[in-house]
Structures are given as structure tokens and as C-alpha cells.
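Single-letter residue listing:
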Amino acid sequence: MTLHTDTNRKRAPRRGSRNRLYAMGLGFMATLAGLPGHAALVIPPTPLQSASPVPPNIMFILDDSGSMEYTTMPDDPPQTSPIRIESRTYSLNTLSYNPNIDYLPWKNASGATLTGGTSYAAAYDDLSLASTSINLAGSVQTFYVPKTKAIELAASTQVADYYRYQILTDGTIYRSEYLDGTAAAPISLLSLTGLTATSGNWIYQTVTVPAQAKDLTITTADGSGGDPDLYVRFGANPTTNDNDCEREQNGRAHTCTFAAPTAGVYYIGIRADGNNTFTGLSLNVTYIDNTTVGCTTGSGAGWRNCTQVTPTGRSEANEKINYATWYSYHRTRMKAAKAGASEAFSSLTGSKYRVGYTTIWNRSTKYIPVATHNGLFEDVTGTAASTNRTDWFTRLHAAEGSGRTPLQTALNRIGQYFSDNQTGAKGATGPYGPSTTNALACRQNYALLTTDGYWNDGLVDVGNSDGTAGPSIGGSPTYTVSAPYQDSKTQTLADVAMEYWKKDLMPSMSNIVPASTANPAFWQHMVTFGISIGLKGTLTQTSVAEVLRDGATSFTWPDPTDAEDEHRIDDLLHAAVNGHGTFAVANNPQQFSQALQSALSEIISRENSGSNVTVSSTGLQSDTRAFVAKYKSGEWYGEVEAYPVT
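Because the structure is predicted, anything quoted here is derived from the model rather than measured.

Visitor: Hey, could you run me through the overall build of the protein chain in this one?
Guide: Counting its regular elements, the protein chain contains ten helices and 26 strands. Counting contacts in the protein chain only where the partners sit at least 6 residues apart, residues at least 24 apart contribute 72% of the total. Looking at the protein chain as shown, the accessible area adds up to about 27,600 Å², and 50% of this sits on carbon and sulfur atoms.

Visitor: I would appreciate a short explanation of the sheet that holds strand 10 (residues 228-234) in the present structure.
Guide: Think of a sheet as strands paired side by side through backbone hydrogen bonds, with each pair either parallel or antiparallel. The four strands are arranged 8-13-10-11 in an open sheet whose pairing can be described as antiparallel. On the outer flanks of this sheet lie strand 8 (202-209) and strand 11 (245-247), each paired with one strand and no other. Here the strands of the sheet are splayed against their neighbours by 15° on average, with no regard to which way each runs. As paired strands, strand 10 and strand 11 are joined by three bridges and run antiparallel to one another. Looking at the pairing, Val232 lines up with Cys245 of strand 11.

Visitor: Got a minute to help me understand helix 10 (residues 589-607) in this structure?
Guide: One turn of an α-helix holds 3.6 residues; hence residues three or four places apart share an orientation. When the terminal C-alpha atoms of helix 10 are compared, their 27 Å separation across 19 residues agrees well with the 27 Å that a helix rising 1.5 Å per residue should span. Residues of helix 10 that are buried include every one of Pro589, Phe592, Ser593, Ala595, Leu596, Ala599, Leu600, Glu602, Ile603, Ser605, Arg606 and Glu607, and no others. Its side-chain oxygen 3.1 Å from the backbone nitrogen of Gln590, Asn588 forms the N-cap of helix 10.

Visitor: Looking at this model, I keep getting lost on the state of the cysteines. Mind explaining?
Guide: Covalent bonding between the sulfur atoms of two cysteines defines a disulfide. With the rule as written, the count across this model stands at one disulfide. Across the disulfide, Cys245 is cross-linked to Cys256 (sulfur-sulfur distance 1.9 Å). As the torsion about the S-S bond is roughly -90°, the Cys245-Cys256 disulfide counts as left-handed. With Cys245 in strand 11 and Cys256 in strand 12 (residues 254-258), the pair connects residues that are eleven residues apart, well separated along the chain. Its relative accessible area of 0% is what places Cys256 among the buried residues.

Visitor: What is the right way to look at the nonpolar core in this model?
Guide: Across soluble globular proteins, nonpolar side chains have a tendency to be buried as a group. Grouped together as the largest cluster of nonpolar side chains are 53 residues, with contacts concentrated most on Ile61, Leu411, Phe418, Leu493, Met526 and Leu573. Looking at this core, the elements with two or more residues in it are strand 1 (57-62), helix 6 (407-417), strand 19 (445-451), helix 7 (493-502), helix 8 (544-550) and helix 9 (567-578). Apart from the residues within four sequence positions on either side, Ile61 is in contact with Thr358, Thr359, Ile360, Ala410, Leu411, Ile414, Ala447, Leu448, Leu449 and Thr450. Formed by 35 residues, the second largest nonpolar core is a distinct cluster that contains Ala336, Leu396, Val527 and Ile533.

Visitor: How do you make sense of the packing of aromatic side chains when you look at a structure like this?
Guide: Both the distance between ring centres and the angle between the ring planes are used here to describe each pair of aromatic rings. On inspection of all chains with the given rule, the structure shows 31 aromatic pairs. Measuring from ring centre to ring centre gives 4.9 Å for Tyr97 and Phe143, while their planes differ by 75°; the resulting arrangement is edge-to-face. Taken together, the residues Tyr97 in the loop between strand 1 and strand 2 (123-124) and Phe143 in strand 4 (residues 141-146) connect sequence positions 46 residues apart. Like Phe143, Tyr97 is buried.

Visitor: For this particular structure, what's the right way to read the side chain of Gln524?
Guide: By the secondary structure assignment, Gln524 is in the loop between helix 7 and strand 22 (527-533). For Gln524, a relative accessible area of 0% gives the class buried.

Visitor: Help me understand the packing of helix 4 (residues 333-345) against helix 10 in this model?
Guide: Axes are the key here: two packed helices are described by the angle between their axes and the distance separating the axes. At a closest axis distance of 8 Å, the pairing of helix 4 and helix 10 adopts a crossing angle of 35°. For the element pair helix 4 and helix 10, the recorded crossing hand is right-handed. Side by side, helix 4 and helix 10 meet where Ala336, Ala337, Gly340, Ala341, Glu343, Ala344 and Phe345 of the first sit next to Pro589, Phe592, Ser593, Leu596, Gln597 and Leu600 of the second. Of the residues belonging to the contact of helix 4 with helix 10, the class tally is nine nonpolar, three polar and one charged.

Definitions and cut-offs
Residues numbered from 1 in each chain as written. Predicted model: local features only at pLDDT ≥ 70, side-chain atom pairs only at ≥ 80, totals over all residues. Heavy atoms only, no water. Helix = DSSP H or I, 4+ residues; strand = E, 2+ residues; numbered from the N terminus. Contact = heavy atoms within 4.5 Å. Areas by Shrake-Rupley, 256 points an atom, 1.4 Å probe, with all protein chains shown as cover. Pairing = 2+ DSSP bridges. Axes fitted to C-alpha atoms, helices over the stretch in contact; angles between N-to-C directions. Expected span 1.5 Å × (residues − 1). Buried < 20%, exposed > 50% of the residue type's maximum accessible area, 1.4 Å probe, protein only. Polar contact = N/O pair within 3.5 Å; in protein donor to acceptor, adjacent residues only side chain to side chain. Disulfide = S-S within 2.5 Å. Core = buried A, V, L, I, M, F, W, Y, C linked by side-chain atoms within 4.5 Å. Phe/Tyr/Trp six-rings, centres within 6.5 Å; stacked < 30°, edge-to-face > 60°. Left-handed = near helix turned anticlockwise from the far one by under 90°. Nonpolar A, V, L, I, M, F, W, Y, C, P; charged D, E, K, R; others polar.

These figures come from the coordinates and say nothing about function on their own.
Have a look at this one:
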């Protein structure tokens, strides 16, 4: 690849549409037919491959707001009934422990996983960091798993649709199910009919109540005549003066209830009151089975059918390791984001990328260190030793969450970083180095903005940038106001993204940035990728491709400035559209990692291009043309372009 570094002259490629490619190709071939042999274009037998593209600049922007330390996603999962379990089941809270996943610690610069925090007796309790040891066996650990895949997909809010799993303090794991209320059938201890007693006489019966019983219920009813009175006592026959329950009101229907009965023998006495004789009386004793052995953990009411088993067939030891790993590295939004980011960026190897790190609050920012081994995302040894990669992962692992969500300020700061103001911490040469004498005008810039919420701080006023035409380069505007990019609002995230895409960020450099169908900009600019962690907007379109497909002629964007709500996630999607990047919603840590890897794959695809050049004359004449054949090796298509040579 030839690198053009002429900073004294601006040139805008004359880019034809794909509809003109065929006609231009015919003209090109006709011209070739009339050229002398030494001037003809030699067409290679295989598609062009890009062996060493100029490494792009990638700035990763981590959300480090206070909500990133939440243990639920979304903020308020749908409430379950009749009891609240929603925060501890992964089908309603995507951060909750999911036994179907084999959790891994965060990765470090070498691609290896961290070694601590996987012991059940020494997990990491801090909400952001891999620190502060806790013995999880000090209390019962409880989580809930949908009984079927259909229930999981439907995100049921009925507790009866879930199994409860508990890791008890002795290390055993029990599964139970909720059978309280109408689902819990009373169990009969005694049922008698036809009881008779004459005036002043007693009838006695006993029942033995098991340890797992609750709601012990003793009733009399039916029969004729008389006025029976009911007395109940634990451990001995009751009397009218010594009992645990007495019912002496008129009539034959009486009930004594013990919500939490003591295990053992209860004595029941029925006495014919006064001068009355009763006949045909019925006596019934029932209870509700509370739990069985292994489930008495202090919250057992309603949970029965207990079985000592793990959710997926792991051994109890391995289940506890998996649970500890989740607790240490995936339990909060911040921990999940670190897991996803470390997984995605560990796949970037070699000398093809220049990666920086920052947060939306500009904490522990690492601008691309262009003076150190050209800023490449790798560690090197020797006289030019650097620890770029190790330093990047160290800062990622050390991030903590606090404060509000200033997304506009964060994206604007990175746009300024890619602009002509290159001083201070950014380094004397800025992100286009490796040096002031070798700044590469064809280097591309990408911002990967992640967030778990709605922007609500640090507004940036760049005007209605997507409602205003871009500056002219080579006689044509960089942006013509059109759908689906434009709206009528100011101070939006989408305006910030458009401002740094349509504006020539480095006017002193030649405009030779490789363009593509996905991104036609050939001037120095910033491409914006957006990833929403756990929140989606209101639009039916959920990707940049869908917006471009549906909004070619007209598109109406919701107003993100009137309230702090889901429209600001629509605005993040809008920013990705204006910034000619991609957008994704990640509902769990695995999807976050996949979204980052997809964004990095898209960057790699855009970078994998090549070109061949020839001219139509061996001397500079008035009709001399330069022909450029460009091939996109990542997507297997190409273009032929012709430029006048002066």
C-alpha cells in the first residue's frame, strides 16, 4: 500500500455510484485496448489482498457511572407473584446466576484468565473490582431457574414456574418448588364421623404432627342436636381451664388453627355442653407440608418436593466453583462489562490495531501512545520495550462506577482527540503518528461507546448537526441533509456523532482515508459504534442496517430531549447511524462480549482493502487518467475508479 503524506494539497476522489461502475468498466477496457503494451494495466490472477493495512485508531469508552455497580439488569425487573424472586432468576434479571453458563474470570493482557475468586470460600465481594474476599458458605445462597425453556423465554412472573436452588451452609445443594396457596393440598391426619356424646361428657382423640407441618387445622361440623365445644392442647388432654385452643360458641362448627405447630402429639377434646346431647358429629385434622429434610433454611414456607441435586448435573463442588466465579466476575453490570470487554479485546493480537481506553467520566484515560512502538495494541521487548496492552487491561480491570451518565461529553472528548488539537496528554503527534514527520493521513478513527443507561449529564451543543449540511471538500458537501440521519433537535448524542463524522478533523492533511459503501467518508473523521447494556429503545428498528433499510426516504426519530427515558437509547442508535458505525443491545454479559467482537470484526472488515493503480498514458497529457482498482477482501467485492491527472 502506498501511503500519501502530502499535507499541502487537498484532493477529493470523484466517486461514482455502483450503477456507473459497469459503464465505467467498459470505457476502461476500451481505453486499455488502444494503449501501448507498456502502459496497459496488468490484472492480477487472484483478488487483491491487503497484507498490511494501516492500523486504525480504536478508542474504547467504558460506562463508569454509578448504575454500573447495580446487580440487576434492567433496573426494575418485572415483579413475581405471590412472592418476590425476580432479582435472583436470570430470565427476569439477566445478571443473576445462570447455571447453564460456564463462567470464566476476566482475561488479562496475555489472554489468560485471572486465577483468584473461583473458590467458594474466597470469592470477590467488591461490586466493581476483583477484590475483598468473602466466604460464600457463611450464608445460604439462593437462585431460581425456570422449569422449562418455554417459561424462560416467556419470562414468567409466576413463582410456581421456577425451581428454587439453595447452596446450604454445609455445602449441599437442594432443589425445591413452590406449592403454597391453592397449589398446596392439605394432608389429612384424622377424619372421623358419627361422633356422639351426652350432656357433660368428653370425647378424646390424638394426632401426631410431623416436623414439616404448618397450618395445622382441627374442625368439627355436621351432626344434629347438642352444643359441642372444642378444646386442643399439646402434650396432654385439654380441660376447660388448661388448653391451647378453645371454641365454646354456640353451634356444631368449630375450628382451631396452629400456623406453626410444634412437632409432636396434639390432644383433642370435644365436650357436650350443658344439658345438650349431640350426635353424628364429624372431626377432621389436616396440615400443609412445609418442607422436607434439607430445605429448612429460614425461608422455607411454601417450598416442598426438595431433592438434593444440582441444576445441570455438575458435582456440588463444581457448581460452587461456577457460582463463585459468577459472584466474583459477573455479578454486577461493571463486572459483566469487564468480562465482555476483556474477552473481546483479548482477541486483538499482532500489530494491526491501535487501541486506547477511556471512560465516560474520563477516569484513567489511556490515549494511544504513538511515541511508544507506534501505539500498537501489544507489548514488546527489547530497546523499544512497551507495555501498551498490559496497561490497557490493567486500567480496564481497575474501573469503578460512580456518578451520572455524561455520554455527550465523553463522545465529544474523543472527537476532539481525533481533531487538530493535539496537545497535552494526547501527545505531540496526536493519534495520527508515529511521529510528527510521519503522520498518516489515511489512518481511520473509531469510537466504541458503551452505556447502561440514559445520558443525563454533560450536554454538548454542536447545534442541529444532522440538520445542517456538512462542509465542502472538493466542491461537494461531506453531508447532505437527508433521511434517516436528520432530525430537528439539538444537544443530542446523534448531533455529536454527526459533527465528528461530517467535519474534516485534520484540515492540514490530505483526504485519502479509505472509503467504503458502509462509510463513504474520505476525509479524517470519527466513526461511532454504540452498545447499550441491558436497555433498548422504542423503535422497531434495532440496528443501523434496519434503520438504513427502512428510512431511505423518510424517518422520524423520537425526541430524546424531553425526558430521561428510552428515547435516549433511540438516540444512541441514531448516533451510530450518523457516525456510520453499528449498534447493538446487550441483555447479558455474553451478548455484550459478542456485540464488542462484532464491532471489532466490522472494523477489521473495513480495514481489509487493497488497490492497484495504472495510468492511460506514459506521459502527462490533457486526457491522462489514473485508474484505481479497489478490492474489499473481507467482503469479496471491488470497484474501478478513474481520476484526472494534472
